[in-house]
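Chain by chain, the residues:
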Amino acid sequence: MITLETYDLAKRFGRKIVFNDVEIQFKGSVLGIGGANGSGKSTLLKCLAGLLRPSAGLVKWQTGGEKRDGPLPRKNIGYAAPYVNHYAELSVAGNLDFISRLRSLEQGKERIAELLDILGILHQKDVPFGLLSSGQQQRVKLAAALLDKPQVLFLDEPGTNLDKQGSETVYTLIHDYVKAGGAVMLASNNGKELSICDEVIVLETLP
């Protein structure tokens, strides 16, 4: 079981307050972060993942009985978002192989083939990333986030650019992932995506 707690969490950029005094007490499988555009969903997700430093407050994790103040180790997280990009000139498999080598992952090629098959794009493995449709690119981004079997998966608008079949693939992927013991932090303003969450916190847009 993975536990997340935040206390008085805040993020500012200069004088702009993105969110303030965010309190989370979560013990479950899928946490949703909802709110209107501009409410700070993506920024909060980045702070929880350790990609941004909060301006104030504290993040605490507990995974496998180990307590940790601050972000989880990079090897323990996967992050997928529409704004995360890959090398346009490299093939799908080339991009994922590069990440696999960078992280010194064992069984990299087997894992890449497994994920591309699950996400329905194994037949596109030799196609340059830049030539894929936006929906196919989103599937590659999801595969990259799952490469090293992270403990916590951070998903920002995971259904972006996906058709109905693609969205159903994402829901199945999340279901299987949490069944295997992982936890998901999901930022979205899509009602169906948030409906699969155990708990949803809603951020308000600040003036």
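In the block above lies the structure referred to throughout.
Remember, predicted model here, so these are calculated numbers, not experimental data. (Residues numbered from 1 in each chain as written. Predicted model: local features only at pLDDT ≥ 70, side-chain atom pairs only at ≥ 80, totals over all residues. Heavy atoms only, no water.)

Caption draft 1: Local environment of the side chain of Thr-6. Positionally, Thr-6 belongs in strand β1 (residues 2-13). Taking relative accessible area as the criterion, Thr-6 reaches 0% and is therefore assigned buried. A distance of 3.0 Å separates the side chain of Thr-6 from the backbone oxygen of Val-22, its partner in a polar contact. Non-local contacts of Thr-6, meaning those with residues more than four positions away in its chain, are made with Val-22, Glu-23, Ile-24, Gln-25, Leu-48, Leu-58 and Val-59. (Helix = DSSP H or I, 4+ residues; strand = E, 2+ residues; numbered from the N terminus. Buried < 20%, exposed > 50% of the residue type's maximum accessible area, 1.4 Å probe, protein only. Polar contact = N/O pair within 3.5 Å; in protein donor to acceptor, adjacent residues only side chain to side chain. Contact = heavy atoms within 4.5 Å.)

Caption draft 2: Molecular detail of the sheet that holds strand β5 (residues 66-69). With antiparallel pairing, four strands are arranged side by side in an open sheet as β2-β1-β4-β5. A single partner strand is all that each edge strand has here, and the edge strands are β2 (16-28) and β5. Each strand of the sheet is rotated relative to its neighbour by a mean of 15°, with strand direction disregarded. Across nine bridges, β1 lies against β2 in antiparallel orientation. (Pairing = 2+ DSSP bridges. Axes fitted to C-alpha atoms, helices over the stretch in contact; angles between N-to-C directions.)

Caption draft 3: Expanded view of the packing of aromatic side chains. As enumerated under the stated definition, the model contains three aromatic pairs in all. Consider the rings of Trp-61 and Phe-154, whose centres lie 6.1 Å apart with planes at 80°: the pair is edge-to-face. In this pair, Trp-61 sits in strand β4 (residues 56-63) while Phe-154 sits in strand β7 (residues 152-156), placing the two residues 93 residues apart along the sequence. Overall, Trp-61 belongs to the buried group, its relative accessible area being 2%. Sitting over the ring of Tyr-83, Lys-46 keeps its end group 4.6 Å from the ring centre. (Phe/Tyr/Trp six-rings, centres within 6.5 Å; stacked < 30°, edge-to-face > 60°. Lys NZ or Arg CZ within 6 Å of the ring centre and 35° of its normal.)

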